[in-house]
Structure formats: structure tokens, C-alpha cells
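Here are the chains, one letter per residue:
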Amino acid sequence: MRKAKDNTRVPKRYYRPPITTCPRCGAPLHRRSTVWRKYVITLNGRFKIISLGYSCSRVRCSQSKVVYRSLKAEQVSLKGSSFGFDVMVQIGWWRFWEHRTLDEIAALLGAKRLSVSRRHILNLIGDFLALLRAAQPAKIESQRAYFRRHGMVISLDGMEPEQGNEMLFIVREANLDLTLVAETLYSSRADLISRHLLEPVKALGFRIRAVISDADSNIRRAVTASLPGCPHQACQVHCLCEAGQPIFEQDRAMKTDLRRDIRAKLRPVSRTLSRAAADDPYCAVLTDYCEALRDALRADGLSPFELAGLNLYDELERMEASLRRCQKKGGIPSWPSCWTSRHSASDIRNSMIASNISETGLSN
Ligand SMILES: [Zn+2]
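Definitions and cut-offs
Residues numbered from 1 in each chain as written. Predicted model: local features only at pLDDT ≥ 70, side-chain atom pairs only at ≥ 80, totals over all residues. Heavy atoms only, no water. Helix = DSSP H or I, 4+ residues; strand = E, 2+ residues; numbered from the N terminus. Contact = heavy atoms within 4.5 Å. Areas by Shrake-Rupley, 256 points an atom, 1.4 Å probe, with all protein chains shown as cover. Donors = N, O, S within 2.8 Å, 3.2 Å for Na, K, Ca; no water. Tetrahedral: all angles 85-135°; square planar, octahedral: opposite > 155°, others 65-115°. Buried < 20%, exposed > 50% of the residue type's maximum accessible area, 1.4 Å probe, protein only. pLDDT = per-residue confidence, 0-100. Pairing = 2+ DSSP bridges. Right-handed = clockwise from strand over helix to strand, strands pointing away. Phe/Tyr/Trp six-rings, centres within 6.5 Å; stacked < 30°, edge-to-face > 60°. Lys NZ or Arg CZ within 6 Å of the ring centre and 35° of its normal. Axes fitted to C-alpha atoms, helices over the stretch in contact; angles between N-to-C directions. Core = buried A, V, L, I, M, F, W, Y, C linked by side-chain atoms within 4.5 Å. Arc of directions from axis to C-beta. Polar contact = N/O pair within 3.5 Å; in protein donor to acceptor, adjacent residues only side chain to side chain.

Here we look at the overall build of the protein
Here is step 1 of the chain: Of regular secondary structure, the protein possesses 12 helices and eight strands.
Here is step 2 of the chain: Residue pairs in contact within the protein that sit at least 24 positions apart in sequence constitute 59% of those at least 6 positions apart.
Here is step 3 of the chain: Element-wise, carbon and sulfur atoms account for 53% of the exposed surface of the protein, whose accessible area totals about 21,800 Å².

Here's what the structure looks like:
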């Protein structure tokens, strides 16, 4: 049996209208009623939201029946929903932009201490898509003049959050990065893509100058059928990402190995530094080096061109050269307690040469 939720410790949030006096006669507003109250789950936790209604305190005022309420309270969540807009948008983002599965989303929410069932997550995704669609006509309308002059270059992308499940297709105008159509299809058949995605874009009535998509054969057939003669190019980002995948994977493996090696060497150095005397002039310099090293280890890559492993390797070489310059000036070796760290720092290069990944990394 389902247990009733314990609401005794849920924090309350009261919302009042933004005005305190009657716009008609200027008399102060008095609290009149509670417009609504409900429990809402937001990314910051669960709250009891209470929207208070106020009206004019002068009985004979012609506006005394009007109840003023808080706009902010209405912006917390959708009417009838017990989830905040922030939760809905976050879930939509995870699902369609980061390609997360339902289970991953449930786990991510769990990490924020929000337990939301799969059923509820699906409902929220439905709400999210409805809102996304509802917002489009106004945005497209605001760019009407641009589209009339320049036409549209459209990009078509299908996302399949789970294998074999429904797919979300998004058609965007590539120059303005504006979503034109967002539609869930239960199959990626060419005729469905034509009818539900391309025809609505055609119906907007602007000149379609070109189409960009991945090399999917259904999309290609649909474009040929709906937009005959329209230039259709395979998306270069898709192609480059796919071509660069093996290199990216190898680079990632190299970065992981480098990180592990360097972190293991950094730990004793950090310990030595933390024991050094507070007024030690070398300590500050070496602490900076350690911080720079930690920073370099944290950097991430982005497929296909930003290779974090190679960047890290370069960064380590720069730091090694800098440390050597310090040693040449004679500063660091005279610092007796720093022997371990100096040893470790100059050891970085040796360990990289000794480890097999640095060689593959360089040859790549
Ligand atoms: Zn009044």
C-alpha cells in the first residue's frame, strides 16, 4: 500500500500580489482569501506554495470585488501539476539534448534527492514538448521579416532517447538557431517525416534554400519527396564526429592514464607543501604550480577537435620547462624540504615516457 507523504516538515512559501495599494482609489489592499495552495516539487526541494489573494480595503470602492494575486506564484508550476517548471525543463534537456534514458534521468533526479517515478517523468516530458511547441509560433512570427528576405536553411535532427522507442525530431532554422518544429514520431519512416516535419515547415510559406541533416536514408527520401531540387547536405559536425571517434576514444584513454599517474605523484607533493612553514617563500610558488597542474588535469575535451589528452600532454610539457627554468635560476634546489616535490615534478616527464600511452598519444 502506498504510504501517505509526511508533509509536516515541508517548508511553506507565501506569495502576495506585487502591489500593496488599490490601483483605482489608492487605499491599502487587505488579504481576502487564499487563491490556491499546493505542494510543488522543484529542483531545490519540495515546498508548500500558498498564493494569497488581496483586494481593496474600501468597501465603497468600485474595484473592491477584484482579487489581486501573485504572478510569481503562477510561474512556479503548470496549473494542475505538482512539479515546478524548473524540473520539467531540466528533464526535457536531459532527455532530448543530452540523450539520457528514463533510468538515467531517474538517477540524476535521485542525486538531487528528488524521487520521481518513470511514469511521472514521461508525463513531464509530454508537458515539456507541449510547451516547446506552444512557444514556437510567436518566435517564428518575430523573425518573419528576416525569413522573407533571406529564406530558410533548415536542419533536421532525430533523437532516439531509447532504442526502438519513439523518436523526437527537431527541425531548426540553422542561421538563427530557431526551433521550427518539434515532433515525436513512433517510426522514422520517410512518409511520416515528410508529413509531420517537412510539410509544416513548407506551409510557413518561406523559401527553403537548403537542408542539412545526417546521412539517414529515410530523411534523404523524405527531403527528395517534399522539397524536390532543394540542396541537401550531410551535416559536417555529424560526419566529423563520426570520423574522429576512434581518435577521440584513444585520446580519452590517454587522458585517463595521464590523470591517474600525475594525481598519484601530486598527492605526496601536496602533503609536503601543507607541512611547510607558513613564511616559506618557495611554498607559495610551488603551491601555484600544484594548482595549475590540478587545473590542467580537470580540463575536458569536446568531439571532434578538442582533444583533452593531447592538450594535457602539451600543458605538462610547458609546466616542466617552466620548472626547469626555476631550477636553473637556483631557487628551488636550495629549498631542502622541497626535494620530494622537485623530484616528483621532474619525474613527470620520465613517467610519461615510461607509460605506454604517452607514446601512442604522440604518434596519434
Ligand atoms: Zn479601491
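Structure shown, so let's carry the discussion forward.
Re the coordination of the zinc ion
Here is step 1 of the chain: Those donors, C22 (SG), C25 (SG), C56 (SG) and C61 (SG), are the protein atoms that reach the zinc ion, and they lie 2.3 to 2.4 Å from it.
Here is step 2 of the chain: Around the zinc ion, the four donor atoms sit at angles spanning 101 to 113°, and that spread fits a shape best called tetrahedral.
Here is step 3 of the chain: Read in sequence order, the donor residues for the zinc ion give the motif C-x2-C-x30-C-x4-C. Of the two residues, C22 is situated in the loop between β1 (12-15) and β2 (29-42) and C61 in the loop between β3 (45-56) and α1 (71-74); the sequence distance between them amounts to 39 residues.
Here is step 4 of the chain: Taking relative accessible area as the criterion, C61 reaches 6% and is therefore assigned buried.

Here's the deal with the confidence of the model for the protein
Here is step 1 of the chain: Looking at the protein as a whole, its pLDDT mean stands at 83, while 88% of the residues score no less than 70.
Here is step 2 of the chain: The secondary structure element of the protein with the lowest average pLDDT is helix α12 (residues 356-363), at 36, and the one with the highest is β1, at 95.
Here is step 3 of the chain: Ignoring residues within four places in sequence, the model shows residues 333-364, a span with pLDDT below 50, making 43 contacts including any to other chains.

Examining the pairing of strand β7 (residues 208-213)
Here is step 1 of the chain: Relative to β7, strand β4 (residues 152-159) is paired through five bridges, and the arrangement is parallel. Residue pairing for β7: S155 is matched across the bridge by I212.
Here is step 2 of the chain: Bridge count between β7 and strand β8 (residues 232-234): three bridges; the pairing is parallel. In the sheet register, S213 faces β8, and the bridge partner there is A234.
Here is step 3 of the chain: Regarding topology, helix α7 (residues 217-226) serves as the crossover connection from β7 to the parallel β8, and that connection is right-handed.

Section: the pairing of β3
For a regular strand, side chains alternate in direction, first toward one face of the sheet and then toward the other.
Here is step 1 of the chain: The element β3 is extensively covered by neighbouring structure, given that 11 of its 12 residues are classed as buried.
Here is step 2 of the chain: Here β1 runs beside β3; their pairing, made up of four bridges, is parallel. Across the sheet, K12 pairs through a bridge with K48, a residue of β3.
Here is step 3 of the chain: In this sheet, β3 lies alongside β2 in antiparallel orientation, the contact comprising 12 bridges. Bridge assignment links R31 to a residue of β3, and that residue is Y54.
Here is step 4 of the chain: Linkage of β2 to β3, two consecutive antiparallel strands, is achieved through a turn of two residues.

A short note on the packing of aromatic side chains
Here is step 1 of the chain: With the rule as written, the count across this model stands at two aromatic pairs.
Here is step 2 of the chain: Ring centres 5.8 Å apart and planes at 75° place the aromatic pair Y146 and F147 in the edge-to-face group.
Here is step 3 of the chain: On the basis of relative accessibility, which here comes to 26%, the residue Y146 falls in the partly exposed class.
Here is step 4 of the chain: According to the relative accessible area criterion, F147 is buried, its value standing at 1%.
Here is step 5 of the chain: Grouping aromatic residues by their ring pairs yields a cluster made of Y146, F147 and F206.
Here is step 6 of the chain: For R13, the ring lying beneath its charged end belongs to F47, and the centroid distance is 3.8 Å.
Here is step 7 of the chain: Over the ring of W36 we find K38, and its NZ or CZ is 5.4 Å from the ring centre.

Quick notes on the sheet that holds strand β5 (residues 167-173)
Here is step 1 of the chain: Reading across the sheet, the five strands line up as β6-β5-β4-β7-β8 and stay open at both edges, with mixed pairing between neighbours. With one partner strand each, in any of the chains shown, β6 (178-185) and β8 form the two edges of the open sheet. Sheet twist, expressed as the mean angle between neighbouring strand axes with direction ignored, is 20°.
Here is step 2 of the chain: Along the sheet face, helix α4 (residues 118-142) touches β5 and β6 and points at about 150° away from the line of β6.

Notes on the nonpolar core
Here is step 1 of the chain: Core analysis: the largest hydrophobic core is formed by 26 residues, its most contacted members being I154 and L180.
Here is step 2 of the chain: For this core, the secondary-structure elements that each account for two or more residues are β4, β5, β6, α6 (190-203), β7 and α7.
Here is step 3 of the chain: A total of six residues in this core trace back to one element, the largest contributor, which is α6.
Here is step 4 of the chain: Sequence-distant contacts of L180, that is, excluding residues within four places in its chain, are made with Q136, I140, M152, I154, V171, R172, E173, V201 and L204.

Remarks on the environment of R148
Here is step 1 of the chain: Looking at the secondary structure, you find R148 in helix α5 (residues 144-150).
Here is step 2 of the chain: Overall, the relative accessible area of 61% leaves R148 in the exposed class.
Here is step 3 of the chain: Placed 57 residues apart in sequence, R148 and G205 show a C-alpha to C-alpha distance of 8.9 Å.

Section: the sheet that holds β3
Here is step 1 of the chain: Strand order across the open sheet formed by three strands is β1-β3-β2, with mixed pairing between neighbours. Edge strands, defined here as strands with exactly one partner in the open sheet, are β1 and β2. Strand-to-strand twist across the sheet, computed as the mean angle between neighbouring axes with direction ignored, equals 20°.

What about α7?
Here is step 1 of the chain: Listed in full, the buried residues belonging to α7 are N218, I219, A222, V223 and S226. The buried residues of α7 occupy one face: seen down the axis, they fall within an arc of 130°. Along α7, the residues that are exposed and aim more than 90 degrees away from the buried face are T224 and A225.
Here is step 2 of the chain: Residues of α7 that are buried make contact with β4, β5, α6, β7 and β8.
Here is step 3 of the chain: Capping the start of α7 is the job of one residue whose side-chain oxygen sits 3.1 Å from the backbone nitrogen of N218: D216.

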